[in-house]
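# Breakdown of the fold
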Amino acid sequence: MSEPALLSDALMLAGAFAFEMGEDGHLDPANRDALAHNLVEMPDMFSTAASDWEARLGPDDVRARRAALSRLTFVGARYKLDYVVRDGMGEHRHFREIAEAMACADGRATLIRGVLLDRTGEASRNAAIAWRARHDPLTRLPNRSCLDAAAVQLSALSIRTGVPAYLLRVRIGNWRRYVDTYGEEIGDQLLGEVGHRLRAASLAPDMAFRLGGADFAIGSLTGDLEDLATSLEILLGGQPVHTAMGALPLDIDIASVRLGALRDALDATRAVLEDDLDYGSRTPQSQPIDIDQLLRDDRITLAFQPIVHAKTGALHHYECLLRLRLPDGRIESAYKVILAAEQSGQVTQLDRRALDLALPFLKDDGDVRLALNVSAGTIADEAASAAYIASLTALGSDAARITIEMTETLALDDPALASSFAAAVRALGCAFAVDDFGSGHTSFRNLLAVEADSIKIDGSLVAGVATDENKQAFIRMMVDLAATFSVQTVAEMVEDHADAIVLARIGVDYLQGYYYGRPVPAPSWPRLSPDAKKTVET
């Protein structure tokens, strides 16, 4: 057997098919029959002419392939494409096409040689792994790792449509008693039935999740929370679950929280995940929140979350997050307070209090660097904005250790106003960051207008990035564009080792999330030695 034939057979055994292609785009496989067999075609009816091959691909894949071919303008130019091919049975197969220009004329390839790799099995395995990582196998509902992204999306929809969005934590109150009485198998059957009922009833954009045990979560864009909660009680508890032990009724407990601005959506998610909710009270903020009284009683405080260098894991700075001190001394998220302040027009007072609370930490530690969130309300209010800038001015050189974070929404809605505020604080030495980047529609043109030093990649794009090639591609694009404009990148909501490794490889500059540290009452990250500090400082 000749050497080319041996090579062709070896490639075929590996699920690969060598080919040549000329100017007409006709795909000429080295083993045409083998490729036909792979695609469940009759060899004598199998055509790989340009139009016939493209007919097997989707429109987006056709455009991507044509664009790749058009870039083969010199000998040695290469491309690598992944796309889906429809076989003779109408099934979809995943292929990778790798090719190189062997001859060119007039700026276009006249001879291309490459290989087609059948990656259907690998794609299926990867999809299964990704699905298992983000779903509960018993109920087939998304798991708790998906809740953050859903909350951010619902919050954005709520802001744009004006329809309230809520997260609800739903608990099967008598599930544990059934498990103790009848065993785990009956318990699993009950949970499976709850999952089935929630899947059948959830219509986009609403989503249902299993948090673990007998706890579920519902994210909903709805105008009436009371109607939603009542519907859930009827859906889950209105009919018993028929089991080998008889018909078992379900007791349903529901707690809820309203989603506010994008930045607060993640705090609301934490409250649901950590079960920091009041069951039996369906209306969030049923008691009016007196912002002035909270400020007078010093019940608004800060928590500090570390932001680290992606490649070294060394501390770069902390983000200052608002927290509420309860009468019994416990500390909880201030998302309810922030939402109430936004609705009452008092959010400027919270921004100012956050700055005042941060100042002692700057004075006590000459190395610490802090990031502070400034709301659109403060930037848009001429008096509040001037007072805020005056406080930063009074810091003198210490202002250089502060990063001001502004949400992407403001950069989108009023780039001129955002740019003016950004220029003022940057003139004092502060760094300026755009928060929640990627959650809306901010263009890099607006990013240039506000002259941001960094962008914070929205957590909905970061969570689960290690197993999501689409997220990887999107973040890589953002990182490359940011680097072009000398803008650094921070990835929020990094919660596991695999995501951290992938983000560092993509080129993200800094990482923030529970994997590196939860918000704490005072900066507590280990200090670097002077030599190490010189190594990682930018």
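Use the structure listed above.
In this report, we go over the structure that sits alongside the text.

Calculation criteria
Residues numbered from 1 in each chain as written. Predicted model: local features only at pLDDT ≥ 70, side-chain atom pairs only at ≥ 80, totals over all residues. Heavy atoms only, no water. Helix = DSSP H or I, 4+ residues; strand = E, 2+ residues; numbered from the N terminus. Buried < 20%, exposed > 50% of the residue type's maximum accessible area, 1.4 Å probe, protein only. Contact = heavy atoms within 4.5 Å. Core = buried A, V, L, I, M, F, W, Y, C linked by side-chain atoms within 4.5 Å. Expected span 1.5 Å × (residues − 1). Salt bridge = Lys/Arg side-chain N within 4 Å of Asp/Glu carboxyl O.

What follows is about the overall build of the protein chain. Assigned secondary structure in the protein chain consists of 22 helices and 20 strands. The proportion of buried residues among the 538 residues of the protein chain is 48%. Considering only contacts within the protein chain whose residues lie at least 6 apart along the sequence, 65% involve residues at least 24 apart.

What follows covers the nonpolar core. By size, the foremost hydrophobic cluster in this structure holds 69 residues, and its most contacted members are I404 and L511. Of the residues forming this core, the biggest block, seven residues, is contributed by helix α13 (residues 347-364). Sequence-distant contacts of L511, that is, excluding residues within four places in its chain, are made with P306, I307, V308, A310, A491, V494, A500, L503 and Y516. With 27 residues, the next largest nonpolar core counts L141, I172, I218 and I252 among its residues.

Our next topic: α13. In this model, α13 (18 residues) spans 27 Å end to end at C-alpha, consistent with the 26 Å of a helix rising 1.5 Å per residue. Along α13, the residues classified as buried are V347, L350, D351, R353, A354, L355, A358, L359 and L362.

What follows deals with unusual backbone geometry. Even without being a glycine, R140 presents a positive backbone phi close to 65 degrees. Its place among the elements puts R140 in the loop between α5 (120-134) and α6 (147-161). Even without a glycine there, the phi angle at D298 is positive, about 55 degrees. Its location among the elements puts D298 in the loop between α11 (291-296) and β12 (300-309).

Let us look at the pattern of salt bridges. As enumerated under the stated definition, the model contains 24 salt bridges in all. For the salt bridge of E100 with R78, the shortest nitrogen-to-oxygen distance reads 3.2 Å. Placement of E100 in strand β4 (residues 92-105) and of R78 in strand β3 (residues 78-86) is noted, with a sequence separation of 22 residues between them. Owing to a relative accessible area of 63%, R78 belongs among the exposed residues under this scheme. One network of salt bridges, with partners in common, ties together D82, R96, R119 and E122.

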